[in-house]
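Given next are the chains, with one letter for each unit.
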Amino acid sequence: MLSIKLLKWIAFILSLLPLIILILGIINFINLGPNIVEEVLHRTGNTSLNLLMIVLLIPLMAKHSLFRNFLILSRMLGLFSFFYAALHLSVYLFIDRSMSILSIQDDFISRPYILAGMIAFISIIPLALTSFRRAQIRLKELWKKIHQLIYLGTASAIIHYIWQMKIDLSIPMLYLVGFLIILELKKGFRAT
Amino acid sequence: MSKTWSQKLRIKQFKDSEVTPEELFDNRRALLKSAVALGLLPSRSYGHVTDIEGYRPWDQESPGILNSFEDITNYNNFYEFGLDKADPARYSHTLETHPWQIEISGLTNKPGVYDLDEIIQSMQLEERVYKLRCVEAWSMIVPWIGFSLGIFLKQFEPQTNANYVQFFTLYDTDMMPGQRSRVLDWPYREGLTMAEAMHPLSFLATGLYGKTLPNQNGAPIRLVVPWKYGFKSIKSIVKIVFTDQKPLTSWNQANAREYGFYSNVNPNVSHPRWSQAYERVLGQGFFTPRVPTEMFNGYGEQVAHLYDGLDLQINY
C-alpha cells in the first residue's frame, strides 16, 4: 500500500496539473485553440465537477482495504474542487464578461444555467470555510450536516452543465447517472 | 460609373495596435511548431487543398483583422464530423469531394444535375473578406473565394412563384460519420428567401486563403451569408431547391425557440443560451474583452431594407 505521504503528493500534483496546462495556454506556450477564454471556462468547470465526484466516491472506495487511505484525500480534493470553481466563476465574471454588470444581470435573468452554477458555487463555500480540522472538531454533528451540502453542490453543478449544452446531452447525462448511482450506493451503505 | 456592391460596403478601420506584430506572430509560430515537435500538439492535415488561380482579389478594406488559416481551419462547427470544434479538422478527411455534383430542382426552368468543376469554370471567382458571426457569440474574419449566389442561381431561371431557396448538405454516413448520431435530423438543410439569396452579399465559397476549401470548412462548396448567424451558411452542398413555401431548416427544426428561420445577427434579441449583445473575436489573447455585436453583423446598410415591415423581435 502507498504511504500516506506519497499518496498526498500524487493527489496534489495531479490536482495541480489542469492549472498548469491552463497557465501554459494563457501564456501561449501550448495551443488551447482560438477561443481560449471558452476553453479555460470549460476546463475549470470540468475539473471542479470531476473533483467533487471523486470526493463523493472516496467513502465508497474506502470500504475496500486497498483504498482505505484515500479517506485522507477528501479534504485536499474538496478544496481543489472549490479552487477550480472559484477560478471558473472569476474567469466568467472578470474575463468573459469583463465585469459588465448589465451583461451579467442579463445572464442571471435570461439564462437559468447561470443561476444553477451560482447555487452550486454558493453551496460549497461553507464546506471550504469549515474544511480545517479544528472546525470539524468544534462543530461536531453540525459539521456533518454542513458537509451534506456537497450533494446540493454537485447536483446543481450537473444541472448547470446539462442546461448549458447546445444539443448533445450525453456527457453531462453520464455525470447525472454517476451521481445517482453514488447516491443509491450511499443509501445502501447507510442501511447496513 | 456606378459603384460596385463591394465599394458600397461600410468599411471599418482597425487600429495598428490591433494587428499582431509580425515578429511576435513568427515567435508564436515557432513556439507552436516546437510544441508540435514535442508531441504536445497534434499536427493537423488540411485534406487535399490546392491553390486557386485567377480569382479577383479583395481590394477593399477588411472588416477586421484576418484570422489565421490555423484558427479558421481548427475551430469549426460541422456536426457531420463530430460535436467538438476540433473534430472536423481531425475527422473530415473521410469526405471525398471529387467528383461532386449539385442537383438543382423545384420551381426552375432548368432543373438538372450539374458537375461542380464545370460550374466553377463557368463562374468568375473572386475573394470576399467577410466577418462570420456564430450564434455561440464568437466571430472571425475569413477571406473566402467563390462567386455570387444570386448570379449563379439566375442561370437556372427560377420561376416567379419561387419565393424561397432550400439547400441540402451531403448525406453519407461513411463519408460523414457524425451523421450516425441523430443529434440533428440529417441531412443538414438551410434556406433563404429569394430576396436574401439574390442579395449581392450572398456568396457561394469554394475556397479560402487562396486555396480550395479544406474539408472541415465545408468543401467543396458552401454558402456564406455574412449578416446571418453562421449556422445558416450551410456546408458541402449537394442540392438546391427553388420552392414557394418557407423551407425546413435544421436548427429551427431542432429547437425553434432558439433558432429562427431568419437568424439575422441581432444584438437586441435575447437568446436563452448566449447573450447576443457582445461577441468574442477569435484568435485574441486571454485578456482581450468581448466587443459589441452590430445589427446584421455590421452589414445593415446593405441588407436592412430586406426586412422592411418585418418585426425582427418575432421573426428572429
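Residues numbered from 1 in each chain as written. Chains lettered and ligands numbered in written order. Predicted model: local features only at pLDDT ≥ 70, side-chain atom pairs only at ≥ 80, totals over all residues. Heavy atoms only, no water.

**Q** Where do I start with the confidence of the model for chain A in this structure?
**A** Interpreting fine coordinate detail is not advised for predicted regions of low pLDDT. The predicted model of chain A has a mean per-residue pLDDT of 92, with 97% of residues at 70 or higher. Ranking the helices and strands of chain A by mean pLDDT puts helix H7 (residues 149-164) of chain A first, with 97, and helix H4 (residues 101-110) of chain A last, with 84. (pLDDT = per-residue confidence, 0-100. Helix = DSSP H or I, 4+ residues; strand = E, 2+ residues; numbered from the N terminus.)

**Q** Just checking my understanding: could you explain the sheet that holds strand S10 (residues 237-243) of chain B for this structure?
**A** Within a beta sheet, neighbouring strands are joined by backbone hydrogen bonds and run either parallel or antiparallel to one another. All names here are of chain B. With respect to topology, five strands assemble into an open sheet ordered S2-S1-S10-S5-S6, the strand pairing being mixed. What marks the edges here is a single partner per strand, and that holds for strand S2 (112-115) and strand S6 (189-193). Strand after strand, the sheet turns through a mean of 20° between neighbouring axes, direction not considered. Direction of pairing for strand S1 (residues 101-106) relative to S2: antiparallel, over a ladder of four bridges. Its bridge partner being in S2, Ile102 is matched across the sheet by Tyr114. (Pairing = 2+ DSSP bridges. Axes fitted to C-alpha atoms, helices over the stretch in contact; angles between N-to-C directions.)

**Q** Where do I start with the nonpolar core in this structure?
**A** Side chains of nonpolar character tend, in soluble globular proteins, to be buried together. Within the largest apolar cluster, 74 residues are counted, with the highest numbers of intra-cluster contacts made by Trp144, Phe152, Phe167, Leu223, Ile240 and Phe242 of chain B. Among the elements that make up this core, the one with the highest residue count is strand S4 (residues 138-148) of chain B (six residues). Dropping the residues within four chain positions of it, Trp144 of chain B is found in contact with Glu126, Glu127, Arg128, Tyr130, Phe203, Ala205, Gly207, Leu208, Leu213, Arg222 and Val224 of chain B. By size, the runner-up hydrophobic cluster in this structure holds 45 residues, among which are Ile58, Tyr84, Leu89 and Tyr92 of chain A. (Core = buried A, V, L, I, M, F, W, Y, C linked by side-chain atoms within 4.5 Å. Buried < 20%, exposed > 50% of the residue type's maximum accessible area, 1.4 Å probe, protein only. Contact = heavy atoms within 4.5 Å.)

**Q** Got a minute to help me understand the layout of surface pockets in this structure?
**A** The rolling of a water-molecule-sized probe over the atoms marks out the regions of remaining empty space. Residues and elements named next belong to chain A. In this structure, the second largest pocket encloses a volume near 1,000 Å³. For the second largest pocket, the lining is made up of 29 residues, of which Val55, Pro59, Ser74, Trp143 and His147 are closest to its centre. The element that contributes the greatest number of residues to the lining of the second largest pocket is helix H3 (residues 74-96), accounting for seven residues. Tallied by class, residues from the lining of the second largest pocket come to 16 nonpolar, seven polar and six charged. (1 Å grid on protein atoms, 1.4 Å probe; cavity = no way out; pocket = protein on both sides within 12 Å on 5 of 7 lines; lining within 4 Å. Points joined across faces, edges and corners; volume = space filled by probe spheres on them. Nonpolar A, V, L, I, M, F, W, Y, C, P; charged D, E, K, R; others polar.)

**Q** Would you take a moment to explain the interface of chain B and chain A for this structure?
**A** Often, the extent of an interface is quoted as the loss of accessible area on bringing the components together. Counting residues at the interface gives 33 residues for chain B and 27 residues for chain A. Taking both partners together, chain B and chain A bury about 2,700 Å²; carbon and sulfur atoms supply 59% of that area. Looking only at chain B, the three residues that lose the most surface to chain A are Arg273, Arg280 and Phe286 of chain B, adding up to 27% of its buried area. Inspection of the region where chain B meets chain A yields three salt bridges. The interface formed by chain B and chain A holds eleven residue pairs in polar contact (both at pLDDT 80 or more) in total. The set of elements that each furnish at least two residues to the side of chain B that touches chain A consists of helix H2 (22-37) and helix H8 (250-254) of chain B. (Buried area = accessible area lost by both parts, 1.4 Å probe. Salt bridge = Lys/Arg side-chain N within 4 Å of Asp/Glu carboxyl O. Polar contact = N/O pair within 3.5 Å; in protein donor to acceptor, adjacent residues only side chain to side chain.)

**Q** What is the right way to look at the packing of helix H2 (residues 36-61) of chain A against H7 of chain A in this model?
**A** Packed helix pairs are characterised by how far apart their axes lie and by the angle those axes make with each other. Residue and element names in this part refer to chain A. At a minimum axis separation of 10 Å, H2 and H7 run at an interaxial angle of 140°. Judged by the angle between their axes, H2 and H7 are oblique. Where H2 crosses over H7, the two elements pack in a sense that is left-handed. Residues Asn46, Leu49, Leu52, Met53, Val55 and Leu56 of H2 form the contact with H7, whose participating residues are Ile150, Tyr151, Gly153, Thr154, Ala157, Ile158 and Tyr161. Of the residues assigned to the contact of H2 with H7, the class counts are ten nonpolar, three polar and no charged. (Parallel < 35°, antiparallel > 145°, perpendicular 65-115°, else oblique. Left-handed = near helix turned anticlockwise from the far one by under 90°.)

**Q** Explain H3 of chain A to me, please; I cannot follow it from the model alone.
**A** Between the first and last C-alpha of H3 of chain A there are 31 Å, a value that for 23 residues agrees with the 33 Å anticipated at 1.5 Å per step. Every buried residue of H3 of chain A is accounted for by Met76, Leu77, Phe80, Ser81, Tyr84, Ala85, Leu89, Val91, Tyr92, Ile95 and Asp96 of chain A. In this structure, the buried side of H3 of chain A is in contact with helix H1 (4-26), H2, H4 and helix H5 (112-129) of chain A together with strand S11 (278-281) of chain B. Phi turns positive one or two residues past the end of H3 of chain A, at Ser98 of chain A, with a value near 45°. (Expected span 1.5 Å × (residues − 1).)

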